[in-house]
Amino acid sequence: MTEVVDSDELMRRMQRARACAAREERTWRTRHEELRSSDPEAAREAAVRTVAYETVLRVLDEVLTPGRHPDDG
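Residues numbered from 1 in each chain as written. Predicted model: local features only at pLDDT ≥ 70, side-chain atom pairs only at ≥ 80, totals over all residues. Heavy atoms only, no water.

K.L.:
An account of the environment of Y53 is needed here, citing residue identities and associated values.
P.N.:
Inspection of the secondary structure assignment puts Y53 in helix α2 (residues 40-64). A residue is classified by how much of its surface remains accessible, and Y53, at 27% relative accessible area, is partly exposed. For the pair Y53 and A21, spaced 32 residues apart in sequence, the C-alpha separation works out to 5.8 Å. Sequence-distant contacts of Y53, that is, excluding residues within four places in its chain, are made with A21, E24, E25 and W28. (Helix = DSSP H or I, 4+ residues; strand = E, 2+ residues; numbered from the N terminus. Buried < 20%, exposed > 50% of the residue type's maximum accessible area, 1.4 Å probe, protein only. Contact = heavy atoms within 4.5 Å.)

Written as structure tokens, this is what we have:
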């Protein structure tokens with residue numbers, strides 16, 4: 001079930017994945033802010049998911065545009 005793809009298709013897939021991660025990060029950030037006062041436990045979970053998507057975005061940004069991002073580590 002191995003599918004061979006060329007570099008252009010691989011780049012398109014990574015760009016779509018980055019766009020999806022950006023949408024999810026915004027969604028979870030908004031959810032965290034909305035739940036902060038009413039449901040602290042759900043807000044914590046949303047905050048964790050926000051950090052996870054931020055990490056995915058940083059990794060994909062570095063893969064897609066190497067060297068253009070400040071080194072956090």
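K.L.:
Give me the lowdown on α2, citing residues and values where you can.
P.N.:
Over its 25 residues, α2 extends 36 Å from the first C-alpha to the last, a length consistent with the 36 Å expected when each residue adds 1.5 Å. Buried positions along α2 lie against α1 (7-35). (Expected span 1.5 Å × (residues − 1).)

K.L.:
Talk me through the side chain of T50; I want residue IDs and the actual numbers.
P.N.:
Residue placement: T50 occurs in helix α2. Separated by 2.8 Å, the side chain of T50 and the backbone oxygen of A46 make a polar contact. Among all residues touching T50, those that are not within four sequence positions of it are E25, W28 and R29. (Polar contact = N/O pair within 3.5 Å; in protein donor to acceptor, adjacent residues only side chain to side chain.)

K.L.:
Go over the environment of R29 with me, naming the residues and quoting the values.
P.N.:
Summarising the element assignment, R29 is placed in helix α1. On the basis of relative accessibility, which here comes to 33%, the residue R29 falls in the partly exposed class.

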